[in-house]
Amino acid sequence: MSRAFGPLISPAQLAEHLDDPNLVVLEVNERPLVYNQGHIRGAHNVDWHVDLQDPVLRDVPGAAALRALWSRVGITRASDVVLYGDQHNWYAAYGYWLFRMFGLKRLAILDGGRQAWLQADLPKDRDIPAAVSSTPPNPKLDPSLRASARDVVALVRAGGNLVDVRSAAEYRGDIIAEPGYLQEGAQRAGHIPGATHFPWELAIADDGRFQGPDRLRELLRGRGLDEGAPAISYCRIGERSAHTWFVLSELLGMRDVRNYDGSWSEWGSMVGLPVVKGPEAGALPGSVPSLEAA
Amino acid sequence: MIPEPPSPDGAIPAIREELARVRAAMQRIEAALTLLENGPEPERPARARTRPDRYYLVLLGVYERGRQGVDSEQFGRLGAEHGYDRRGLGGYFVGARASLRRDGDRIHLTAEGLALIDEYLEAAQA
């Protein structure tokens, strides 16, 4: 693989480089068992419930756990890491964001994900690669890629882009979660005051791949988002918002883009936080005492 | 004899690796202790599949095409790949527990359809 690498790789490019010694391919699915139905040759299955979260706290994994994962899948300082998955790369994007936040540089997403690989009729493999025991780099958390509820309030006050990437029904507060996702609930429905609705799938073209940069910029402008201002994306649990983080930060090169991984399942359950229902963005009240100093 | 201390450059990664191994061992011990304290979990039988494989494979085919679903043409082809006549595909849309729904010209999985896919994947795993 050339020294220029990422943030996207096409199925054809990946197929061509599958035997590169520094390549590490990881499949990260919403449904991890889909991997067993066939996957890209040599790809390791990364279970986002197990591998990409702390097993006890609601949090990202610690550096030691992440290092153990990187070692198991064979990541070294020289690796080119490609992530892909089902559902248009929702969870692969979450993995990308997480790995970037912990310092991995040479990362790429397979454009179109698992779906694009299958549609291109590229071969599927059922052999499960053995665990490796590589010496990976030491994960070091860069907190500037992650937002807390407090950061969200500060961003809205400063006039930044708060981007709600959920469905229109979730944004309006008609539903808390889409059917089939009852485990991702919250106590209240609606959106964060000041949030612009920019559903994640706007970034996806009809063929399942990412829209080109010009089209993405047009879509952002169409929703009133300012490419020159800081941004925070959120959804329900932080994976769709990682997808939009990837679009804004990695595909469009916007600076100061953060993923609020607590997202609606946190905001919509915290006592006393303001919520807007309906299609309008709304505005934060004069103060949010639990998140702002008096 | 006291061994020569390694250079700091080499020692830090080695110590980190050792620490990761110790942590992993602690997690295994903790899990084993929990098991001893609480007794083994009752074995869960894999959910029984109630339909032929091809029924699930059509649903899986829709899932593999992503959140945008499929159009009628693609759905017909998907059915044919698994031996269904186009007219035999209507059953997917019928009843309160239908596994697929139509949104305009697109066909999407329902929550029931997603649950059936999980059922199939779990049974395939067992």
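Look a little higher up for the structure.
Below, the structure is looked at part by part. Just so it is clear, the structure is predicted and the values come from calculations on it, not from any experiment.

Counting its secondary structure elements, chain A contains ten helices and nine strands. In terms of overall dimensions, chain A has C-alpha extents of about 55 × 40 × 35 Å along its principal axes. Across the 294 residues that make up chain A, the buried fraction comes to 57%. Within chain A, residue pairs in contact and separated by at least 24 positions form 77% of the contacts whose partners lie at least 6 positions apart. Here chain A displays about 12,000 Å² of accessible surface, and carbon together with sulfur accounts for 51% of that area. Distance between charge centroids for chain A: 3 Å, based on 30 positive and 36 negative side chains.

What follows deals with the layout of surface pockets. Put simply, the largest pocket is a space of about 730 Å³. Taken together, 34 residues form the lining of the largest pocket, with W48, H49, Q53, E184 and I237 of chain A sitting closest to its centre. At the level of elements, α2 (48-51), α4 (90-101), α6 (149-157) and α10 (263-267) of chain A together with α4 (111-125) of chain B are the ones that each hand at least two residues to the lining of the largest pocket. The element best represented in the lining of the largest pocket is α4 of chain B, accounting for four residues. Its residues placed into classes, the lining of the largest pocket shows 15 nonpolar, eight polar and eleven charged.

Attention now moves to the packing of helix α2 (residues 53-64) of chain B against helix α3 (residues 72-81) of chain B. How two helices sit against one another is set out by the angle between their axes and by the gap between those axes. Residue and element names in this part refer to chain B. Running from N to C, α2 and α3 point in directions that differ by 140 degrees, and their axes come no closer than 9 Å. Here α3 runs oblique to α2, going by the angle between their axes. Where α2 crosses over α3, the handedness of that crossing is right-handed. Residues V58, G61 and V62 of α2 touch α3, and the partners they reach there are F75, L78 and G79. When its residues are assigned to classes, the contact of α2 with α3 shows four nonpolar, two polar and no charged.

With parallel pairing, five strands are arranged side by side in an open sheet as β1-β5-β4-β2-β3 (chain A). The open sheet has two edge strands with one neighbour each: β1 (8-9) and β3 (44-45) of chain A.

All names here are of chain B. Look at α2 against α4: their axes get within 9 Å of each other, and the N-to-C directions meet at 115 degrees. In this structure, α2 meets α4 at a crossing whose hand is left-handed. Residues D53, Y55, Y56, L57, L59, L60 and Y63 of α2 pack against G113, L114, L116, I117, E119, Y120 and L121 of α4. Looking at the contact of α2 with α4, its residues break down into eleven nonpolar, one polar and two charged.

For the rest of this paragraph, the subject is the interface of chain A and chain B. Taken residue by residue, the interface counts 27 residues in chain A and 19 residues in chain B. Both sides together, the interface formed by chain A and chain B hides about 2,000 Å², and carbon and sulfur atoms give 50% of it. Its largest share of buried area at the contact with chain B, chain A owes to R31, L33 and Q37 of chain A, together 29% of the area lost on that side. Viewed at the interface, chain B and chain A are joined by three salt bridges. Linking chain A to chain B there are nine residue pairs in polar contact (both at pLDDT 80 or more). Mapped onto the side of chain A that touches chain B, the elements with two or more residues apiece are α3 (63-72) and α5 (113-119) of chain A. The element best represented in the side of chain A that touches chain B is α5 of chain A, accounting for four residues.

Residues and elements named next belong to chain A. For α4, with twelve residues, the first-to-last C-alpha span of 17 Å sits near the 16 Å given by 1.5 Å per residue. Of all twelve residues in α4, twelve are buried, a share of seventy percent or more. Residues W90, Y91, A92, A93, Y94, G95, Y96, W97, L98, F99, R100 and M101 constitute the buried set of α4. Positive phi shows up at G103, right after α4, with a value of about 105 degrees.

What counts as what
- Residues numbered from 1 in each chain as written.
- Chains lettered and ligands numbered in written order.
- Predicted model: local features only at pLDDT ≥ 70, side-chain atom pairs only at ≥ 80, totals over all residues.
- Heavy atoms only, no water.
- Helix = DSSP H or I, 4+ residues; strand = E, 2+ residues; numbered from the N terminus.
- Buried < 20%, exposed > 50% of the residue type's maximum accessible area, 1.4 Å probe, protein only.
- Contact = heavy atoms within 4.5 Å.
- Areas by Shrake-Rupley, 256 points an atom, 1.4 Å probe, with all protein chains shown as cover.
- Lys, Arg positive; Asp, Glu negative; His and termini not counted.
- Charge placed at Lys NZ, Arg CZ, Asp CG, Glu CD.
- 1 Å grid on protein atoms, 1.4 Å probe; cavity = no way out; pocket = protein on both sides within 12 Å on 5 of 7 lines; lining within 4 Å.
- Points joined across faces, edges and corners; volume = space filled by probe spheres on them.
- Nonpolar A, V, L, I, M, F, W, Y, C, P; charged D, E, K, R; others polar.
- Axes fitted to C-alpha atoms, helices over the stretch in contact; angles between N-to-C directions.
- Parallel < 35°, antiparallel > 145°, perpendicular 65-115°, else oblique.
- Left-handed = near helix turned anticlockwise from the far one by under 90°.
- Pairing = 2+ DSSP bridges.
- Buried area = accessible area lost by both parts, 1.4 Å probe.
- Salt bridge = Lys/Arg side-chain N within 4 Å of Asp/Glu carboxyl O.
- Polar contact = N/O pair within 3.5 Å; in protein donor to acceptor, adjacent residues only side chain to side chain.
- Expected span 1.5 Å × (residues − 1).

Interpretation in functional terms is not warranted from these geometric data alone.
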